[in-house]
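# Architecture and fold: a report
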Amino acid sequence: MRAFTVTSHEASPELVETDRPEPGENQILVKIEACGLNFADLLMIKGTYQETPQLPFVLGMEVAGTVEKLGAGVENFVIGDRIAVFGGQGGLAEYGVYDASRAVNLPDQMDFVNAAAFQVAYGTSHLALDHRAHLKPGETLLVLGAAGGVGLTAVEIGKVMGATVVACARGEEKLAAAKAMGADHLIDASTQDIRAEMKALGGADVVYDPVGGDQFIAAFRACNPEARVLPIGFASGDVPQIKANHLLVKNITVMGLYWGGYLAFNPKALTDSLATLMDWFCEGKIKPHVSHVLPLEQAAEGLDLLAKRKSTGKVVITM
């Protein structure tokens, strides 16, 4: 089979021929149809992601496909089931082996491309806004990086949850994508003062931040009393430092969110969240925004789109 493999943190990944894996106990072999790309894939290539696998490894955190073979002890799936899996790696390949506990059945209404774009982006935003921040109807939600893979889902989910959503992104094209997802107000981070614009809108009750850097600082200063700030990631490359005395003056809460980490200590939070999101998808309340669908041969091009911020929503690789 073909697999897009990282062999060195100093070299670009390569598409190589390798043996098809076999499932072990409580594992399933998946014929992969589509794989969603994530910013974390870029960090894994460099070896800077918090859960970078040992070399060599195959990139691709989230996949959709069909069950090809069952390992011993697997009882909740049958061969031919359409599923999505968050494996953390191994998705940019024609086949992959995963623990059955990480797989979920797909509803008939969801195709493989949408499924591959679904888990990490929607799961991160829903868990952050619902489980962590307890976003309430009528509150003002500021989404930074609002045209990115997770940012667009935060805009969309914020609207489903009844919030007034302010989308912050760079340039008219990206802001248009956020507006199409339901954003009530738009801020162009390349030309406008985030703090001033948010103050004019009455301040932020919840801040969703996958960007970090100067945008985090500006958003933090525009927070209302008892606001909740959610650091999701640091796409800017700048991890901001938070002064504790600034937290207490406005009674602000900062709460981190690493979606994949819940697999280790509270997997039910993930499965409950995904069940809600699948229901919302079937009800037409949410729909993944996929800006690029590319074949496996163009996986490097897909990653380059993420690195250069040329995509909106998700980039999906098909096998």
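Check the entry above for the structure.
Described below are features of the structure shown in this document. (Residues numbered from 1 in each chain as written. Predicted model: local features only at pLDDT ≥ 70, side-chain atom pairs only at ≥ 80, totals over all residues. Heavy atoms only, no water.)

Before going further, it helps to spend a moment on the overall build of the protein. Counting its secondary structure elements, the protein contains 11 helices and 16 strands. Relative to a compact globule of 319 residues, whose C-alpha radius of gyration would be 20 Å, the protein shows 19 Å and is just as compact. Principal-axis analysis of the C-alpha atoms gives the protein an extent of 60 × 40 × 35 Å. For the protein, with 319 residues in total, the buried portion stands at 53%. Restricting to contacts in the protein with at least 6 residues of sequence separation, those with at least 24 account for 67%. Here the protein displays about 13900 Å² of accessible surface, and carbon together with sulfur accounts for 50% of that area. For the protein, the separation between the mean place of its 26 positive charges and that of its 37 negative charges on side chains is 7 Å. (Helix = DSSP H or I, 4+ residues; strand = E, 2+ residues; numbered from the N terminus. Rg over C-alpha atoms; globule rule 2.2 N^0.38 Å. Buried < 20%, exposed > 50% of the residue type's maximum accessible area, 1.4 Å probe, protein only. Contact = heavy atoms within 4.5 Å. Areas by Shrake-Rupley, 256 points an atom, 1.4 Å probe, with all protein chains shown as cover. Lys, Arg positive; Asp, Glu negative; His and termini not counted. Charge placed at Lys NZ, Arg CZ, Asp CG, Glu CD.)

Attention now moves to the environment of Lys314. Mapped onto the secondary structure, Lys314 falls in strand E16 (residues 314-318). A relative accessible area of 4% means that Lys314 is categorised as buried. The sequence separation of Lys314 and Thr5 amounts to 309 residues, and the corresponding C-alpha distance is 21 Å. Sequence-distant contacts of Lys314, defined by excluding residues within four places in its chain, comprise Gly36, Leu37, Asn38, Glu62, Ala116, Ala117, Ala121, Gly149, His289, Val290, Ser291 and His292. Within polar-contact distance, the side chain of Lys314 engages the side chain of Glu62 at 2.7 Å. (Polar contact = N/O pair within 3.5 Å; in protein donor to acceptor, adjacent residues only side chain to side chain.)

Here we come to the sheet that holds strand E1 (residues 2-6). Sheet strands pair by backbone hydrogen bonding; their relative direction is either parallel or antiparallel. The strand order across the open sheet built from three strands is E2-E1-E4, with neighbouring strands paired in antiparallel fashion. Two strands in the sheet have a free side with no partner beyond their single neighbour: strand E2 (14-17) and strand E4 (57-58). In the sheet, E1 pairs with E4 via two bridges, with the strands oriented antiparallel. By the bridge assignment for E4, Val6 is matched with Phe57. (Pairing = 2+ DSSP bridges.)

Before going further, it helps to examine the pairing of strand E3 (residues 27-36). Taken across its 10 residues, E3 has seven buried, putting it largely inside the fold. Taken together, the five bridges between E3 and strand E7 (residues 95-99) define a ladder with antiparallel strand orientation. Across the sheet, Gln27 pairs through a bridge with Asp99, a residue of E7. Where E3 lies against strand E5 (residues 62-70), eight bridges are found, and the strand directions are antiparallel. Residue pairing across strands places Cys35 opposite Val63, the latter belonging to E5. Examined bridge by bridge, E3 and E16 share three bridges and lie antiparallel to one another.

Quick look at the pairing of strand E11 (residues 185-188) now. Taken together, the four bridges between strand E10 (residues 164-169) and E11 define a ladder with parallel strand orientation. Bridge pairing in E11 places Ala169 opposite Asp188. Remark: the E10/helix H5 (residues 172-180)/E11 crossover connection has right-handed handedness. (Right-handed = clockwise from strand over helix to strand, strands pointing away.)

Further remarks concern a positive patch on the surface. Among the surface-exposed residues, Arg195, Lys199, Arg221 and Lys243 lie close enough to one another that they form a single positively charged patch. Of the residues examined, Arg195 reaches a relative accessible area of 40% and is grouped as partly exposed. (Patch = residues over 30% accessible without salt bridge, like charges linked within 9 Å, V, L, I, M, F, W, Y side chains within 5 Å. Salt bridge = Lys/Arg side-chain N within 4 Å of Asp/Glu carboxyl O.)

Next up on the list: the environment of Asp304. Relative to the helices and strands, Asp304 resides in helix H11 (residues 299-307). Asp304 sits in the partly exposed class, given a relative accessible area of 34%. Asp304 sits 262 residues away from Leu42 along the chain, and the two C-alpha atoms are 8.9 Å apart.

In this fold, Glu156 is placed in helix H4 (residues 151-160). Of the side chains with opposite charge, Lys287 lies nearest to the buried Glu156, which makes no salt bridge, at 8.8 Å.

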